[in-house]
Amino acid sequence: MPRSVNAVASRARRKKVLKQAKGFFGRRKNVWTVAKNAVEKAMQYAYRGRKEKKRNFRSLWITRINAGTREHGMSYSQFMGALKKNNIELNRKVLADLAMNHPEAFKAVVDQVK
């Protein structure tokens, strides 16, 4: 019996990877072996990037809250400690938004914890 290869599935798999490699430079976009490696690496970077994005945003929020609290004579750590003590459950994302876009509301929160 002759050897059977599933050419339809193989071609579909290759097409899928080459489609993901669209926009890559040089042979990375149209040579199967090079494109496969490039796409695998890109997927690793994408996975890692989704984790990093969370860290970066938290860091940005902390920086913004710190800048806002220092205008009112407090440090970030004192402010967060006072929030916990007064049972004010606002997360960093909301506090950073208040500090940036609604300074009067942020001032009210700072005055309440002082």
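Residues numbered from 1 in each chain as written. Predicted model: local features only at pLDDT ≥ 70, side-chain atom pairs only at ≥ 80, totals over all residues. Heavy atoms only, no water.

By the naming in an unreviewed UniProt entry, the protein is Large ribosomal subunit protein bL20, taken from Chryseobacterium lactis. Per UniProt, the protein carries the Function (unreviewed entry) text "Binds directly to 23S ribosomal RNA and is necessary for the in vitro assembly process of the 50S ribosomal subunit. It is not involved in the protein synthesizing functions of that subunit." (UniProt positions renumbered as here; feature names shortened; annotations may be inferred.)

J.: How do you make sense of the packing of helix 2 (residues 32-70) against helix 4 (residues 92-101) when you look at a structure like this?
T.: Relative placement of two packed helices is described by the angle separating their axes and the distance separating the axes. The N-to-C vectors of helix 2 and helix 4 enclose an angle of 45 degrees; their axes lie 8 Å apart at closest approach. Looking at the two axes, helix 2 sits oblique to helix 4. The way helix 2 lies across helix 4 gives a crossing that is left-handed. Along the contact surface, helix 2 presents R58, W61, I62, R64 and I65, while helix 4 presents R92, K93, L95, A96, A99 and M100. (Axes fitted to C-alpha atoms, helices over the stretch in contact; angles between N-to-C directions. Helix = DSSP H or I, 4+ residues; strand = E, 2+ residues; numbered from the N terminus. Parallel < 35°, antiparallel > 145°, perpendicular 65-115°, else oblique. Left-handed = near helix turned anticlockwise from the far one by under 90°. Contact = heavy atoms within 4.5 Å.)

J.: What's the story with the environment of M80 in this structure? I'm lost.
T.: One can find M80 in helix 3 (residues 76-85). The buried category is assigned to M80, whose relative accessible area is 7%. When the C-alpha atoms of M80 and R92 are compared, they prove to be 9.3 Å apart, with 12 residues separating the residues in sequence. In contact with M80, other than residues within four places in its own chain, are R92 and L95. (Buried < 20%, exposed > 50% of the residue type's maximum accessible area, 1.4 Å probe, protein only.)

J.: Just to check I follow, could you spell out the packing of aromatic side chains for this structure?
T.: The description of two aromatic rings rests on the distance between their centres and on the angle between their planes. Under the defined criterion, the tally for this structure stands at 2 aromatic pairs. With 6.1 Å between their ring centres and 40 degrees between their planes, F57 and W61 make a pair best called tilted. On the criterion of helical spacing, the pair formed by F57 and W61 is a turn pair, its members being 4 residues apart in helix 2. Here F57 falls in the partly exposed class, since its relative accessible area comes to 41%. Where F79 meets F106, the ring centres are 5.6 Å apart and the plane angle is 50 degrees; that geometry is what we call tilted. Here F79 is found in helix 3, whereas its partner F106 is found in helix 5 (residues 103-113), with 27 residues between them in sequence. The same class applies to F79 as to F106, namely buried. (Phe/Tyr/Trp six-rings, centres within 6.5 Å; stacked < 30°, edge-to-face > 60°.)

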